[in-house]
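Residues per chain are reported as follows:
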There are 2 protein chains.
Amino acid sequence: MAQGTIGNSEFDRDTAVTPLGPGLHEAELSPGWTILGAVNGGYLLALVGRALAGVLPHPDPVTVTAHYLTASRPGPARIRSEVVRAGRTLSTGQASLTQLDEDGREVERLRVLAGYGDLDALPDDVRTTAKPPPLPPYEECPGSRNAGGGGAGGGVAALLGSTEIAGRLDVRLDPATAGWALGTPSGNGEMRGWFALADGREADPLALLLAVDALPPTAFEIGLSGWVPTVELTAHVRCRPAPGPLRVAVTTRNLAGGLLEEDAEIWDSRDRLVAQSRQLARARLG
Amino acid sequence: MAQGTIGNSEFDRDTAVTPLGPGLHEAELSPGWTILGAVNGGYLLALVGRALAGVLPHPDPVTVTAHYLTASRPGPARIRSEVVRAGRTLSTGQASLTQLDEDGREVERLRVLAGYGDLDALPDDVRTTAKPPPLPPYEECPGSRNAGGGGAGGGVAALLGSTEIAGRLDVRLDPATAGWALGTPSGNGEMRGWFALADGREADPLALLLAVDALPPTAFEIGLSGWVPTVELTAHVRCRPAPGPLRVAVTTRNLAGGLLEEDAEIWDSRDRLVAQSRQLARARLG
C-alpha cells in the first residue's frame, strides 16, 4: 500500500466531492468504508464536511451536527450546501446528502448543520482539566492489523478484520475494552483504542470527523449485539491534530428508552484534546 | 404570583407561538427571559421547540441542535419550520427564527435541527451507570429566591437577582460552585444547582430545553468574567421529568482556542437522567 499523505490518500480520494454548480457537489460513496454493507457514519460526515468546506468562507469544521435519516448505500450521491451565515471568525452552513433509490427518486440520507472556522487563527490559550485516557502502547493493542495484545488479540483481529472498513483503518483496541470480542463483555459502556488510517495518512480536522465514529459500539461492551444506528451526532473539532496515531475514548453512561449516548474524545500525540463528540443511537436490548 | 401549571404559566405564555400559515409561526420574545438585555439561549430553544412540535408528527424533542447566529432582542419574531423526514418512531425537523432589524430587514437569529419522538412510547428499560450530582438540599442552596446557604448566600442572591430572568426562574446554586459570587472562584469548570420555574410550573420536555442553559456559565468558576455567548448547543431529552425541582450539573473540561464546551446533565426527583446537553461557547480570557 502506497504511503498516504494529506491530499493524496484513500481517505482523500474516497471523500472527494466534485462541484456541479453553486452549492451542489456530487460524490461516490465508496464500498471501502462500510461495515457489513452499512456506510460508516463518520465517513459520511467527513465527506459532507469536505463539501461544506467548499462553500463556506472558513476552512475547518468546528462544530458539526448530522442527523442520519435513511441508510446510505455505496454509489453516487449529491450534496447540496447552503451558507446560513458568514461571520468574521465563524461561519455557519447547512448541507444535505441525497441518493437515488431503486425507482430513481431522490432520498435524503443525512442533514448537516455546521459551524466552520480557521483552527490556525484561534488564540492558543489552553486551560484544560481533561486528561488523556489510559491506554496501553499502540504496539500492544490488538486490531485488524495487529493480532497482539494478549488473550483478546486474535478475536479482535478477526472480528475487526471481517469488516470492509478494516482495509482503510488501523484501529487498535485497549484489551480492557475488548472483552466483547471473546464473548466476555465487561458490562461497562466504555471503548478505547488507537485510531490511524491504514495507508499512513496523518489525521486532519476532516479525518477527526471520521475518527469520532470509528471504534466498535460501546453497546458491545455493555453486552448488546447487533447494529447501533446513529440518530444524531455532533462533533466539536478543537485543534488541528499533531502527526501520529490518535487516542480515542468512548463512553456510554445512560441507556434508556431504546436510546444511548456515545461520548467520544480524541487526543493527539501532543496530549491535546483535539475533538469531542456525542451521538444519540438506537440500541436493541437483547 | 399565581401557581403555574403546564399549559398555564409564564413559561407557556412566553413561549407561545401562533400559526400564520404552513410551517410559519409568529412569537413575541419576552423581556422577562433576558440577562443584561441578552435573550437566554435556552428560552429561545424552548420557543423554537414548541414551533417544531406544531409541525412534526411526534410531540417531544429528543435531540435538538441550535446554532446561535445573531443576538436576539425582545420583541416580535417569526419561526419557519420544515419537516425533513417523518419516520415511525422519530421525525426530523428544521427551523429558523428570524427578527426584523432596525432597517426592517429579516435577520436570522438561530437555526435548529431536531429529532422528535414520543417519550411516553419509548421502551422503559434503563441500564445506566451515571450517578446524580452531589448537591445540598434545595432549601440550603442560595439563589435569587433564597439567600440562605451560608457565606455565598447573600452574594449569589444579589447577583442572580440582578438579572431579568430571575423573575421567571428559581435557580439555587451549590455553595461549592458559587465562589465566583464572592470573588473567589474555585478555578474548576463546574456549576451545579437546582432548577425550577418561579411560578411553580413543573418541568416538561420543553422546559428541559430551557433548563440546560439556565445556570450561570462555568466560566465564572474558572475565573473568567463577561458574556459567554453560545455558538452551538445540542440537547438530548431522554425521559419525561417527574414533578419537583431538577438537579443540574454543568462541567467544562477544555477551554482552548477561545472556545469552551459546557456539558450539562439534568436529573429529576426520581433520580433519572432526564436530559444531557453540550454547548460550544466563546470565552474571553481575562
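Parameters at a glance
- Residues numbered from 1 in each chain as written.
- Chains lettered and ligands numbered in written order.
- Predicted model: local features only at pLDDT ≥ 70, side-chain atom pairs only at ≥ 80, totals over all residues.
- Heavy atoms only, no water.
- Patch = residues over 30% accessible without salt bridge, like charges linked within 9 Å, V, L, I, M, F, W, Y side chains within 5 Å.
- Areas by Shrake-Rupley, 256 points an atom, 1.4 Å probe, with all protein chains shown as cover.
- Salt bridge = Lys/Arg side-chain N within 4 Å of Asp/Glu carboxyl O.
- Lys, Arg positive; Asp, Glu negative; His and termini not counted.
- Charge placed at Lys NZ, Arg CZ, Asp CG, Glu CD.
- Helix = DSSP H or I, 4+ residues; strand = E, 2+ residues; numbered from the N terminus.
- Expected span 1.5 Å × (residues − 1).
- Buried < 20%, exposed > 50% of the residue type's maximum accessible area, 1.4 Å probe, protein only.
- Polar contact = N/O pair within 3.5 Å; in protein donor to acceptor, adjacent residues only side chain to side chain.
- Least-squares fit on C-alpha atoms with pLDDT ≥ 70 in both.
- Contact = heavy atoms within 4.5 Å.
- Domains from an automatic or database assignment.
- Buried area = accessible area lost by both parts, 1.4 Å probe.
- Nonpolar A, V, L, I, M, F, W, Y, C, P; charged D, E, K, R; others polar.
- Pairing = 2+ DSSP bridges.

Caption draft 1: Spatial organisation of a positive patch on the surface. A cluster of basic side chains, namely A:Arg85, A:Arg88, B:Arg282 and B:Arg284, defines a positive patch on the protein surface. Its location among the elements puts A:Arg88 in the loop between β6 (75-86) and β7 (91-100).

Caption draft 2: Molecular detail of helix α2 (residues 41-55) of chain A. Residue and element names in this part refer to chain A. The end-to-end C-alpha distance of α2 is 22 Å, a good match for the 21 Å that 15 residues give at a rise of 1.5 Å each. In terms of residue burial, α2 counts as a mostly covered element, since 11 of its 15 residues are buried. Regarding α2, the residues found buried are Gly41, Gly42, Tyr43, Leu44, Leu45, Ala46, Leu47, Val48, Gly49, Ala51 and Leu52. Its side-chain oxygen placed 3.0 Å from the backbone nitrogen of Gly42, Asn40 serves as the N-cap of α2.

Caption draft 3: Representation of the relation of the copies chain B and chain A within the structure. With an RMSD of 0.0 Å, chain B superimposes on chain A once it is rotated by 180° and translated 0.0 Å along the axis. Expressed as a symmetry operation, the mapping of one chain copy onto the other fits a two-fold axis. The overlap is high: 100% of the interface residues of chain B also sit at the interface in chain A, so the same surface is used on both sides.

Caption draft 4: Expanded view of the side chain of B:Thr98. All names here are of chain B. Within the element layout of this structure, Thr98 appears in strand β7 (residues 91-100). One polar contact links Thr98 to Glu106, side chain to side chain, over a distance of 2.7 Å. Non-local contacts of Thr98, meaning those with residues more than four positions away in its chain, are made with Ala77, Arg78, Arg80, Glu106, Val107, Glu108 and Arg109.

Caption draft 5: Molecular detail of the domain arrangement of chain A. All names here are of chain A. Split into domains, chain A comes out as domain 1 (10-119) and domain 2 (138-282). Spacing between the C-alpha centres of domain 1 and domain 2 amounts to 22 Å. Residue-level contacts link 31 residues of domain 1 with 28 residues of domain 2. Of all residues in domain 1, Glu10, Phe11 and Leu119 give up the largest surface area on contact with domain 2, accounting jointly for 22% of the area buried on that side. If you look at where domain 1 meets domain 2, you find four salt bridges. Across the domain 1-domain 2 interface, the total number found is 15 residue pairs in polar contact (both at pLDDT 80 or more). Every element with two or more residues in the side of domain 1 that touches domain 2 is listed here: α1 (10-14), β3 (34-35), α2 and β5 (60-68). Looking at which element gives the most residues to the side of domain 1 that touches domain 2, the answer is β5, with nine residues. Its residues placed into classes, the side of domain 1 that touches domain 2 shows 15 nonpolar, 11 polar and five charged.

Caption draft 6: Inspection of unusual backbone geometry at higher detail. Residue and element names in this part refer to chain A. Of note, the phi angle at Leu36 is positive, near 50°, even though the residue is not glycine. Relative to the helices and strands, Leu36 is located in the loop between β3 and β4 (38-39). Accessibility expressed as a relative area gives 71% for Leu36, which makes it exposed.

Caption draft 7: A look at the interface of chain B and chain A. At the junction of the two partners, chain B supplies 55 residues and chain A supplies 55 residues. Interface area, chain B with chain A, both sides summed: about 4900 Å², of which 51% is carbon and sulfur. Three residues, B:Arg127, B:Arg238 and B:Arg253, lead the burial of chain B against chain A; their summed loss comes to 16% of the area buried on that side. Our count for the chain B to chain A interface comes out at seven salt bridges. For A:Glu261, the salt bridge goes to B:Arg238, with nearest N and O atoms at 3.6 Å. Inspection of the chain B/chain A interface yields 36 residue pairs in polar contact (both at pLDDT 80 or more). It is strand β16 (residues 273-282) of chain B that provides the largest number of residues to the side of chain B that touches chain A, a total of seven residues. For the side of chain B that touches chain A, the residue count by class is 21 nonpolar, 19 polar and 15 charged. Examined bridge by bridge, strand β9 (residues 126-128) of chain A and strand β14 (residues 254-256) of chain B share three bridges and lie antiparallel to one another. Bridging across to β14(B), A:Val126 finds its partner in B:Ala256.

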